[in-house]
Amino acid sequence: MSDFHYVRTLGSDGGVDVCSGQAIGEELGRMLEDGLPPFNVALHILAAICEILDITEEDGETHGNLSPEHIFIDDTGAVSIEGFGQARTRAPEGKPKGAMTDLYGLGYVAYRMFAGKDLPPLPSDDPSGHDDEVIDRILSIDFEGFNEEMVGDVQWFLAKLLSFDREDRPPAVECWRTFVAFADNAKGPEFVSWCLEALDGGGERRGAASGGTGAPAAG
């Protein structure tokens, strides 16, 4: 694995940068153990990941097995991704195949933040069975409290990102446009304030998570 990470920072001088060493902040996977973030916070985090993935594609870097355990958030609202160069992936293709594989990882992270649990093992040799199971799981997510007019679009993006066929997964910049717009229009706490509180186990939560990291699919 790599000895660098990508970070998206906020503010007038913010943006996406690549830095040496490990990411700073709290691991998103651990934060989810304290409960699920408000919908607007989850969308802000996903939008940041989209920005990073857009740049990593330009740089020719592939993470390979993106998950909440590789994402870090600090008290300024900076979002980082480390662990690039994974050899195996939970995506149906089994082995990382560029940006399209990382888009599946984006969908997996989104599912974990919205559903509060892991995806079950999905068929790796049955495209229709895989996608049908994904849709069933997405339709079971409780979106109570989220803007009703946005739910269908979020469900659509989740289903497409987790598509068996890599070519069906929407590009990161397209996801970013929707996630950032929805985050700005969803009710919830101010993002940076939430990040600061969440590092100590606080911050508004949607309920206890029952997640788990899940094992990468065999290559």
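Residues numbered from 1 in each chain as written. Predicted model: local features only at pLDDT ≥ 70, side-chain atom pairs only at ≥ 80, totals over all residues. Heavy atoms only, no water.

Asks: How do you make sense of empty space enclosed by the protein when you look at a structure like this?
Replies: Gaps left between atoms are located by rolling a probe of water-molecule size over the structure's atoms. Applying the stated criterion to the full structure yields one cavity of 30 Å³ or more. Its volume calculated, the largest cavity comes out at about 30 Å³. Taken together, Gly64, Asn65, Leu66, Thr89, Arg90, Thr101, Tyr104 and Gly105 make up the full set of residues lining the largest cavity. In terms of residue class, the lining of the largest cavity is made up of two nonpolar, five polar and one charged. (1 Å grid on protein atoms, 1.4 Å probe; cavity = no way out; pocket = protein on both sides within 12 Å on 5 of 7 lines; lining within 4 Å. Points joined across faces, edges and corners; volume = space filled by probe spheres on them. Nonpolar A, V, L, I, M, F, W, Y, C, P; charged D, E, K, R; others polar.)

Asks: When you look at the pairing of strand β2 (residues 15–20) in this model, what are you seeing that I'm missing?
Replies: For a regular strand, side chains alternate in direction, first toward one face of the sheet and then toward the other. When strand β1 (residues 4–9) meets β2, the two strands line up antiparallel, connected through six bridges. Across the sheet, the residue bridging to Tyr6 is Val18, located in β2. (Pairing = 2+ DSSP bridges. Helix = DSSP H or I, 4+ residues; strand = E, 2+ residues; numbered from the N terminus.)

Asks: In this structure, what is going on with the state of the cysteines? I would like to understand it.
Replies: Cysteine pairs can be linked by a disulfide, which is a covalent bond between their two sulfur atoms. Going through the model one piece at a time under the given rule, you end up with zero disulfides. Here Cys19 stays free of any disulfide, with the sulfur of Cys195 as its closest cysteine sulfur at 17 Å. Relative accessible area serves as the criterion here: at 27%, Cys19 is assigned to the partly exposed category. Between Cys175, a free cysteine, and Cys50, which holds the nearest cysteine sulfur, the sulfur-to-sulfur gap is 5.0 Å. Looking at Cys175, the relative accessible area reads 0%, which means it is buried. (Disulfide = S-S within 2.5 Å. Buried < 20%, exposed > 50% of the residue type's maximum accessible area, 1.4 Å probe, protein only.)

Asks: Explain the packing of helix α4 (residues 127–139) against helix α5 (residues 148–161) to me, please; I cannot follow it from the model alone.
Replies: Helix-helix packing is described using two parameters, namely the angle between the two axes and the distance between the axes. Running from N to C, α4 and α5 point in directions that differ by 150°, and their axes come no closer than 10 Å. The pairing of α4 with α5 is recorded here as roughly antiparallel in orientation. Crossing angle aside, the handedness with which α4 passes α5 is right-handed. On the side of α4, the interface is formed by Val134, Ile135, Ile138 and Leu139, while α5 contributes Gln155, Leu158 and Ala159. Tallied by class, residues from the contact of α4 with α5 come to six nonpolar, one polar and no charged. (Axes fitted to C-alpha atoms, helices over the stretch in contact; angles between N-to-C directions. Parallel < 35°, antiparallel > 145°, perpendicular 65-115°, else oblique. Left-handed = near helix turned anticlockwise from the far one by under 90°. Contact = heavy atoms within 4.5 Å.)

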